[in-house]
Amino acid sequence: MLTDIKINDKTIARISLTVSYTSKYGKHSDILYIDKFNIWSDADALPMMMQLKLIGKRAGYKERFSFKKGDVVSANDVCFLHTIRNQDFNRHPQRNLSIDPRLGRFYPAGWFNGIIENNTEKMTPVRINHIDDEMIQVDFNHALSEHNINVEIEVFSVYKEFGLPEKEHDNYMEHLLLGPGMQLRIKNRKTDFFSDDAFDRDDAGDDEIFYASPRMVNHLDDTALQQVRKIYKQLIAKNSDILDLMSSMNSHLPDGIDSNSVIGLGMNKQELDANPDLDDRIIHDLNQDPVLPFEDNSLDIVLCTVSVEYLIRPLEVFDEVARILRPGGKFITTFSNRWFPAKAIKLWPYLHEFERMGLVSEYFINSGLFKQINTQSVRGLPRPKNDRHAIPLSDPVYAVWATKA
């Protein structure tokens, strides 16, 4: 890679944009990777101060820009609050689908009838911020409309590409901000995730039977798993005692991690036996028995990788994790947009991907035993060339973690 090439209208750059913000409960960052950025065709989507700073920069450039609420996304405006009759919410938007509206949840704008100039086909997610037997108030404001935000840009490589092809304008700031903020509570009120049959499953059969046959596959692509390892590397301290919850053939720990011990707790003995990271292995079904077979204050880190969506008794499990963690220990969950449909809780597929981070955050908040509830998302990386799925982008990665109080 030539590091002396500067960004100009004849170059392509590989960059990332990161939006970060804080809430009552913790810190949040959402990363969007852009593989082919051209200052001539793409920069108009960035705030002017960022456009000007990018010109002439080389690989390795990194800078954070601070914006007050209203600078990047529109400030919260009462004109974007709409009130409809409760009966005007479309409870049957699709065949064989029945939805009841819930406080703090996001739904497609087109499901709310009786709002002037609102198209019934509109899928933009909007939020319910008040509901009673008669009325629903819908908030069309951006989820970050009341937050100050930081946007960081990082340049990884710059190269010349002659005869740049014409392409449609890409609004990368719009892509970056599509989702962030949806994992936060609205005005610090509890989001109603737990009503109805949220923790039922399409397949309520015995998990021991479902997981009896080993699945010796990774459930995310290699690039996404690399991002999972990167998150774990940042959060796991040296000489930690680690529990890999709902473990399988791979704990996705970063290379060279200097841990004291790694215990795998899972459902399939063959998968656990194939995991080279584990010092000890325990067969245990958390959906049958959420009590963890460990002493109080005995572990430093608990991991749950691409599995939190299968917990039908998550509140009990999160309390148990808090019990076994030492003070200051961390519980780290990571997940994506792929899962076993039959075994995931019924609520999971009806949530926006960012809203799922809100659900897991609510597990932590409900426990009352954790602090510093943080979230992170990573999107936009190219999929590995040898991956069996013929889609351009790597699986997105979402992480929610907290520290035992």
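Preceding this section is the structure that the text describes.
Overview of the structure. (Residues numbered from 1 in each chain as written. Predicted model: local features only at pLDDT ≥ 70, side-chain atom pairs only at ≥ 80, totals over all residues. Heavy atoms only, no water.)

### Observations regarding the sheet that holds strand β10 (residues 261-266)
Put simply, the rule reads: Paired strands, in this sense, are two strands between which DSSP finds at least two bridges. Only runs of H or I of at least four residues qualify as helices and only runs of E of at least two qualify as strands under DSSP, and these elements are numbered from the N terminus. Under this scheme, a helix contributes an axis fitted over its contacting stretch, all axes are lines through C-alpha atoms, and angles between N-to-C directions fall in the 0 to 180 degree range.
Taken together, 11 strands build an open sheet; the order of strands is β3-β8-β1-β2-β14-β15-β13-β12-β9-β10-β11 and the sheet is mixed. A single partner strand is all that each edge strand has here, and the edge strands are β3 (62-67) and β11 (280-283). On average, each strand axis in the sheet is inclined to that of its neighbour by 15°, with strand direction left out of account. In this structure, strand β2 (residues 27-37) lies alongside strand β14 (residues 370-379), joined through 5 bridges in parallel fashion.

### Concerning the nonpolar core
Nonpolar side chains in soluble globular proteins tend to be buried together. Heads up, the condition is: Among buried residues, those of type Ala, Val, Leu, Ile, Met, Phe, Trp, Tyr and Cys that are joined through side-chain atoms within 4.5 Å constitute a nonpolar core. Any residue under 20% of the maximum accessible area for its type is buried, any over 50% is exposed, and the rest in between are partly exposed; the area is computed with a 1.4 Å probe on protein chains only. When checking whether two residues touch, look at their non-hydrogen atoms; a contact exists if any pair is within 4.5 Å.
Grouped together as the largest cluster of nonpolar side chains are 42 residues, with contacts concentrated most on L245 and F331. Sorting the residues of this core by element identifies β9 (241-247), β10, β12 (299-305), α7 (314-324), β13 (325-335), α8 (353-367), β14 and β15 (397-404) as the ones contributing at least two each. In terms of residue count, α8 provides more of this core than any other element does, 7 residues in total. Look past the residues within four positions of F331 in its chain and what remains in contact with it is L245, V302, L303, C304, F318, V321, L325, F364, F370, V400, W401 and A402. Counting 30 residues, the second largest nonpolar core, distinct from the first, contains A13, I15, Y172 and L177.

### Looking at the side chain of S248
The condition is simple: Pairing of N or O atoms within 3.5 Å defines a polar contact, subject to two protein rules: one partner must be a possible hydrogen donor and the other a possible acceptor, and residues neighboring in sequence count only if both atoms are side-chain atoms.
Structurally, S248 is set in the loop between β9 and β10. A distance of 2.8 Å separates the side chain of S248 from the side chain of E271, its partner in a polar contact. Apart from residues no more than four positions distant in its own chain, S248 is found in contact with R215, E271, L272 and N275.

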